[in-house]
Amino acid sequence: MKHSRTALFIIFLLSLFPLAGQAKQATTANELRKLADKKYYAEMYPEALDLYIKALDKAKKEGNTYQYIACTGYIGNIYDAFGDNNSCIHYYMQGLEAAKRCGNLRIQLNLLTNIVTCYTRMGNIKQAKHYFQLLQEKSRHSANDTTHYYILYNKARILGAERQYQKAIRHLGSSIYLLYQLSEIANLYIRCGMAHEALAVSDSCINMANELNSGELKVNAYKVKADAYAMLNKDREAQRYRELYFSLNDSVYNIHKFYKARYNLMEYENQEHQKQLTMLNERIKQQIYVIIAVVLFLSLMS
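The structure contained in this document is the topic of the report that follows. (Residues numbered from 1 in each chain as written. Predicted model: local features only at pLDDT ≥ 70, side-chain atom pairs only at ≥ 80, totals over all residues. Heavy atoms only, no water.)

## A closer look at the overall build of the chain
On a plain count of helices and strands, the chain comes out with 14 helices and zero strands. For the chain, the N- to C-terminal ordering of α and β elements is α-α-α-α-α-α-α-α-α-α-α-α-α-α. For the chain, the residues scored as buried account for 39% of the 302 residues in total. Summed over its atoms, the accessible surface of the chain is roughly 18200 Å², and 55% of this surface lies on carbon and sulfur atoms. (Helix = DSSP H or I, 4+ residues; strand = E, 2+ residues; numbered from the N terminus. Buried < 20%, exposed > 50% of the residue type's maximum accessible area, 1.4 Å probe, protein only. Areas by Shrake-Rupley, 256 points an atom, 1.4 Å probe, with all protein chains shown as cover.)

As structure tokens, then:
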């Protein structure tokens, strides 16, 4: 009996201290965002979204504006990847407002670029042009290769949305960065009905995707190839790339996990909204008590 009590006491003491070699849990917004970034760049988007939610909450509590903006931007990117344009715009706008408050021009330019892109995908050319104008105005204060790229890229996006495909292709072809431009050009060739040109560019997209180990770029290239071969009435090749597209698309964009992560984000947003309502109600109650106290005091004095 004595030995068992001693053993239990030792177990209790050990439970108070972390075991040697035990991994330290991420506790700050910065640490959580780094973990989220690893998942994001590995194209594990649902897992990344879960971590960005935690990092966003921690950033709010810490008052860490930079990490808050970064998290909203990445959450917007994930929604963009899954085609949820309204949620995407919502988080980009949150990040943009925070970036304005702290005067971070570089992040404002980045987010404005994403907002224009999202509005062109939605077919809302009016809003796309409005934010493109803001991008141009702010770019004057930061003239470099990156801002020049933002202008070219977004101008091409708007031209594409306006069905001015040839002009859009020329703008994208003049861009100084090629990471996503070949994919955009391939998509535009499909919309122009230029199947052979689309196939040629999609080959370059696949090579680039293999070099970068990017499943996202490869997904788009497979879809372009499937559409192009279908235009050329080459059914066997079209079916082959359609199957490759669906297989890789399910792998990169795990819809079930994404919906689960999105539900968690909605729950978090609802909790934050409820907290704000509770705080507002408490302030109203306090104001009512003050008014009642003043009225009672005045009635006693009269």
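Next comes the rest of the write-up.
## Here we look at a nonpolar patch on the surface
Among the surface-exposed residues, L280, I284, I288, Y289, I292 and L296 lie close enough to one another that they form a single nonpolar patch of about 570 Å² accessible area. Locating L296 in the fold gives a position in helix α14 (residues 255–301). (Patch = residues over 30% accessible without salt bridge, like charges linked within 9 Å, V, L, I, M, F, W, Y side chains within 5 Å. Salt bridge = Lys/Arg side-chain N within 4 Å of Asp/Glu carboxyl O.)

## Here's the deal with the packing of helix α6 (residues 105–122) against helix α7 (residues 125–139)
Geometrically, a packed helix pair is captured by the angle between its two axes and the distance between the axes. α7 packs onto α6 with a crossing angle of 160° between their chain directions and a minimal axis gap of 9 Å. Classed by the angle they form, the pair α6 and α7 counts as roughly antiparallel. Like other packed secondary-structure pairs, α6 and α7 cross with a definite hand, here left-handed. Listed contacts from α7 to L105, Q108, L109, L112, T113, I115, V116, Y119 and T120 of α6 are Q127, A128, Y131, F132, L134, L135, K138 and S139. (Axes fitted to C-alpha atoms, helices over the stretch in contact; angles between N-to-C directions. Parallel < 35°, antiparallel > 145°, perpendicular 65-115°, else oblique. Left-handed = near helix turned anticlockwise from the far one by under 90°. Contact = heavy atoms within 4.5 Å.)

## Here we look at helix α3 (residues 45–62)
Under the 1.5 Å per step criterion, the end-to-end length of α3 is 25 Å for 18 residues, consistent within 8% with the ideal 26 Å. For α3, the full list of buried residues reads Y45, P46, A48, L49, L51, Y52, I53, A55, L56, D57 and A59. At the C-terminal side of α3, G63 shows a positive phi close to 70°. (Expected span 1.5 Å × (residues − 1).)

## Overview of the packing of helix α2 (residues 29–41) against α3
Following both chains from N to C, one finds α2 and α3 inclined at 165°, their axes separated by 8 Å at the closest point. Viewed along their axes, α2 and α3 adopt a mutual orientation that is roughly antiparallel. Between α2 and α3 lies a crossing whose hand is left-handed. Between α2 and α3, the contacting residues are A29, L32, R33, L35, A36, D37, K39 and Y40 on the first element and Y45, E47, A48, L51, Y52, K54, A55, K58, A59 and E62 on the second. Broken down by class, the residue content of the contact of α2 with α3 amounts to eleven nonpolar, no polar and seven charged. (Nonpolar A, V, L, I, M, F, W, Y, C, P; charged D, E, K, R; others polar.)

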